[in-house]
Amino acid sequence: REGRLRLTKSKPPLFDDYAQRFLLTIQHPNTQKRYRSSIRNLDMSIGKIRLSDITSDVIEDFKEKRLSDGVRTATVNRDLAVLRRMMTLAERKLLINESPFRNVEFLEERKQRRRPHILTFEEEDRLIAAAMPHIRALTVLILETGMRSRREALSMLWSNVDFVKDLIYVRESKTRAGERTIPISRRCKTELLRWRNFLGPEFSSYVFPNMRMPAKPLSDVRRSWAKTLEDAGLQYFRIYDLRHTACSRRIHAGVSPIFVAQIIGHSSVSILSTYSRAIDEFKRDAIHKLVWRV
């Protein structure tokens, strides 16, 4: 009764009932959407059992089933991370005696991790030459700022762009650290002004509007992006890799990792190893400098 033995307060709730209450505690809509997807996957495997019945064996069975269905290890780990957070919170609220994740290990996902395509300057020229106007503006924007394509760039308002102070204010982002102010280069400013003149200054409040419904932002560019790569004679890669390219170029140009992390919207520099990778131009430049010194 005094809490010294950490006895559960009452009969543990069913997983699906507890999951719905858990989702209500998640404030950010994007995070809630992400968690809802994982909970749907978990509910299909775990079913209507009580939290106290979710053991390490149940979790291991979930992992094996998802992998046998051909699901990538990174996706399984995201589902496990949501379940771990739920069980930790349940333990804290004395709904269960102990979280089963003390005996569960996450899957090794580095071997399956998709290697990003770092755009070379020659590929960039071909891409820009073949791009439709909105893809051209979006490409330059991401390369110059490192913004996320869907959650930041496509949802951006013209009111978030200060052409006098040469700043972009990111108000909607994946994380709190993503809400930031980004200085824009002369090239980026020129492309954005070109794009605004192409649309007409009164066409929409969004930088990249839905052309059929200007009051709404463009939600997806996958088709036009794939068509642009095909016209440019380039193999397909994700538009998100432009963000990797922006980060890689800054790091190899000698920009401080702390500043790069702030620009791309991360609170820690530890993520930069995922985003940065040397490209041929920088390798050749390093060799030329070495030969010149010798």
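All values derive from a computational prediction rather than experimental measurement.

How each quantity is defined
- Residues numbered from 1 in each chain as written.
- Predicted model: local features only at pLDDT ≥ 70, side-chain atom pairs only at ≥ 80, totals over all residues.
- Heavy atoms only, no water.
- Salt bridge = Lys/Arg side-chain N within 4 Å of Asp/Glu carboxyl O.
- Helix = DSSP H or I, 4+ residues; strand = E, 2+ residues; numbered from the N terminus.
- Buried < 20%, exposed > 50% of the residue type's maximum accessible area, 1.4 Å probe, protein only.
- 1 Å grid on protein atoms, 1.4 Å probe; cavity = no way out; pocket = protein on both sides within 12 Å on 5 of 7 lines; lining within 4 Å.
- Points joined across faces, edges and corners; volume = space filled by probe spheres on them.
- Nonpolar A, V, L, I, M, F, W, Y, C, P; charged D, E, K, R; others polar.
- Core = buried A, V, L, I, M, F, W, Y, C linked by side-chain atoms within 4.5 Å.
- Contact = heavy atoms within 4.5 Å.
- Arc of directions from axis to C-beta.
- Pairing = 2+ DSSP bridges.
- Polar contact = N/O pair within 3.5 Å; in protein donor to acceptor, adjacent residues only side chain to side chain.
- Phe/Tyr/Trp six-rings, centres within 6.5 Å; stacked < 30°, edge-to-face > 60°.
- Lys NZ or Arg CZ within 6 Å of the ring centre and 35° of its normal.

Asker: How should I be thinking about the pattern of salt bridges in this particular structure?
Answerer: Opposite charge on two side chains makes pairing possible when the charged atoms of those side chains draw close. Taken as a whole and judged by the stated rule, the model has 19 salt bridges. The salt bridge involving Arg-249 is made with Glu-124; its shortest N-O contact spans 2.8 Å. Here Glu-124 lies in helix α5 (residues 121-130) and Arg-249 lies in helix α10 (residues 241-252), a separation of 125 residues in the sequence. You'll find Arg-249 and Glu-124 in the same group, each marked buried. Taken together, the shared-partner salt bridges in this structure form one network comprising Glu-124, Glu-144, Arg-187 and Arg-249.

Asker: What is the right way to read the layout of surface pockets from this model?
Answerer: Empty pockets left among the atoms are what a rolling probe the size of a water molecule brings to light. In this structure, the second largest pocket occupies an estimated 180 Å³ of space. Split into classes, the residues belonging to the lining of the second largest pocket amount to 8 nonpolar, 2 polar and 1 charged.

Asker: I tried to follow the nonpolar core on my own but got confused; where do I start?
Answerer: General note: in soluble globular proteins, nonpolar side chains tend to be found buried as a group. Residues Leu-141, Ile-168 and Phe-208 are the most contacted members of the largest nonpolar core, which totals 36 residues. Put simply, the parts of the chain that give this core at least two residues each are α6 (133-145), β2 (167-170), α8 (186-199) and α9 (222-231). For this core, the element with the highest residue contribution is α6, accounting for 6 residues. Those residues in contact with Phe-208 that lie beyond four places of it in its chain are His-134, Ala-137, Leu-138, Leu-141, Ala-153, Leu-154, Trp-195, Pro-217 and Leu-218. The next biggest cluster of nonpolar side chains, apart from the first, holds 27 residues, and it includes Phe-15, Leu-89, Ile-96 and Val-104.

Asker: Please clarify how helix α1 (residues 15-24) should be interpreted in this entry.
Answerer: Since one α-helical turn is 3.6 residues long, residues separated by three or four positions face the same way. Every buried residue of α1 is accounted for by Phe-15, Asp-16, Tyr-18, Ala-19, Phe-22 and Leu-23. Around the axis of α1, the buried residues are gathered within 155° of arc, so they sit on the same side. Packing partners of the buried residues in α1 comprise α2 (29-46) and α4 (73-92).

Asker: Would you mind showing me how to read the pairing of β2 here?
Answerer: The two faces of a sheet get side chains in turn, since along a regular strand they alternate between them. Burial of the side chains of β2 is restricted to one face: Ile-168 and Val-170 are buried, whereas none of Leu-167 and Tyr-169 on the reverse face is. As paired elements, strand β1 (residues 161-162) and β2 share 2 bridges and run antiparallel to each other. What sits directly across from Asp-162, in β2, is Leu-167. Linking β1 to β2, which pair antiparallel, is a turn of 4 residues; within it Asp-166 sits at a positive phi near 55°.

Asker: Mind showing me how you'd approach the side chain of Arg-148 here?
Answerer: When you line up the elements, Arg-148 lands in the loop between α6 and α7 (149-153). Here Arg-148 falls in the buried class, since its relative accessible area comes to 6%. At 2.6 Å, the side chain of Arg-148 and the side chain of Glu-152 are in polar contact.

Asker: Help me understand the packing of aromatic side chains in this model?
Answerer: The tally for this structure, following the rule as stated, stands at 6 aromatic pairs. Taken together, a centroid distance of 6.0 Å and an interplanar angle of 10° make the contact between Phe-22 and Tyr-35 stacked. Taken together, the positions of Phe-22 in helix α1 and Tyr-35 in helix α2 put the pair 13 residues apart, joining distant regions of the chain. With centroids separated by 5.5 Å and ring planes inclined at 85°, the aromatic side chains of Trp-225 and Phe-237 adopt a geometry described as edge-to-face. Linking Trp-225 in helix α9 with Phe-237 in the loop between α9 and α10, this pair joins segments that are 12 residues apart in sequence. Connected via pairs of aromatic rings, a cluster forms that spans Trp-195, Phe-198 and Phe-208. A cation over a ring is seen here: Arg-196 above Trp-158, with NZ or CZ 5.8 Å from the ring centre.

Shape descriptors only; they carry no functional weight alone.
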